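Remarks on the overall topology
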Amino acid sequence: MEGSLIMDYLKYAMWALLSGSLIPILGIINGRLGRTLGVTLHAPVIASCVGLLFCLLVSLVLTRSFPDLGRISEAKPIELLGGLIMGFYIISATIISPRIGVVNFIVFIVVAQIIMSVVIDNFGLFGAAMRPVSMLRLVGVGLLILGLVITQFTNSKVN
């Protein structure tokens, strides 16, 4: 791999790690905000508004323009599903993390993400490049599921 490609890969890997490290914090902070607001489901609304403002600011700074909202009518309905998925995730993290614990929530989330990613890659769903599942990858997914079972078993023994 060429030097600049390696540096780009490392930069994006670090960015992904930072992004991932913030996800467990999301549920806790939103849960606290929900208690402050007096209604748990209001926290994701406020968080989404703050997120929208942040995304608009980053978009403006990096592209020197705002999204052309007039072009939304050209999008296929499935292309707008990302907003619903984000909203569902934020609501889920806000409600579930405080009830089952951050570790349990994140373990379930990560296992589900890996399984869905394997399915998407294997079948090339949603326009993704098709990458057939190997036996080694299936073993890895199996180990993740085993890890999920172990964390849940260990958790039930502690409680």
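The next point concerns the side chain of N30. By the element assignment, N30 lies in helix α1 (residues 3-37). Those residues within four positions of N30 in sequence are excluded, and the remaining contacts are A43, A47, I90 and T94.

Relative to the assigned elements, W15 resides in helix α1. Owing to a relative accessible area of 58%, W15 belongs among the exposed residues under this scheme. Placed 87 residues apart in sequence, W15 and V102 show a C-alpha to C-alpha distance of 21 Å.

Turning to the pattern of salt bridges, a few remarks are in order. A pair can form between side chains of opposite charge whenever their charged atoms are brought close. With the rule as written, the count across this model stands at four salt bridges. Its salt-bridge partner being K11, residue D8 comes within 3.8 Å of it at the nearest N-O pair. With a gap of three residues between them, D8 and K11 both fall in helix α1, about one helical turn apart. Overall, the relative accessible area of 35% leaves D8 in the partly exposed class. Here D121 makes a salt bridge to R131, at a shortest N to O gap of 3.8 Å. Residue D121 is located in helix α4 (residues 102-123), and its partner R131 is located in the loop between α4 and α5 (135-158); the two are separated by ten residues in the primary sequence. Judged by its relative accessible area of 18%, D121 falls in the buried class. One salt-bridge network, held together by shared partners, links D121, R131 and R137.

On average, residues of the protein chain score 90 in pLDDT, and 96% of them are at 70 or above. The least confident element of the protein chain, judged by mean pLDDT, is α5 at 82; the most confident is helix α2 (residues 42-63) at 96.

Our next topic: a nonpolar patch on the surface. Together, I78, L81, L84, I85, I115, M116, V119, F123, L125, F126, I145 and V149 make up a nonpolar patch on the protein surface, roughly 1,100 Å² of accessible area in all. Secondary-structure elements contributing two or more residues to the nonpolar patch are α3 (81-100), α4 and α5. Considering each element in turn, the nonpolar patch owes the most residues, four residues, to α4. Turning to its location among the elements, I78 is positioned in the loop between α2 and α3.

Let's shift gears to the environment of P24. With respect to the helices and strands, P24 occurs in helix α1. Separated by 13 residues in the primary sequence, P24 and L37 place their C-alpha atoms 21 Å from one another.

Here α1 crosses α2 at 115°, and the two axes come no closer than 8 Å. Considering the relative orientation of α1 and α2, their crossing is right-handed. Contacts between α1 and α2 involve N30, L33, G34 and L37 from the former and H42, A43, I46 and A47 from the latter. The residue makeup of the contact of α1 with α2, split by class, is five nonpolar, three polar and no charged.

To continue, consider the packing of α1 against α3. Orientation of α1 relative to α3, taken along the N-to-C sense of each, is 75°, at an axis distance of 8 Å. Considering the angle they form, α1 stands roughly perpendicular to α3. On the side of α1, the interface is formed by I23, L26, G27, N30 and G31, while α3 contributes Y89, I90, A93, T94, S97 and P98. Along the lines of polarity and charge, the residues of the contact of α1 with α3 split into six nonpolar, five polar and no charged.

How each quantity is defined
Residues numbered from 1 in each chain as written. Predicted model: local features only at pLDDT ≥ 70, side-chain atom pairs only at ≥ 80, totals over all residues. Heavy atoms only, no water. Helix = DSSP H or I, 4+ residues; strand = E, 2+ residues; numbered from the N terminus. Contact = heavy atoms within 4.5 Å. Buried < 20%, exposed > 50% of the residue type's maximum accessible area, 1.4 Å probe, protein only. Salt bridge = Lys/Arg side-chain N within 4 Å of Asp/Glu carboxyl O. pLDDT = per-residue confidence, 0-100. Patch = residues over 30% accessible without salt bridge, like charges linked within 9 Å, V, L, I, M, F, W, Y side chains within 5 Å. Areas by Shrake-Rupley, 256 points an atom, 1.4 Å probe, with all protein chains shown as cover. Axes fitted to C-alpha atoms, helices over the stretch in contact; angles between N-to-C directions. Left-handed = near helix turned anticlockwise from the far one by under 90°. Nonpolar A, V, L, I, M, F, W, Y, C, P; charged D, E, K, R; others polar. Parallel < 35°, antiparallel > 145°, perpendicular 65-115°, else oblique.

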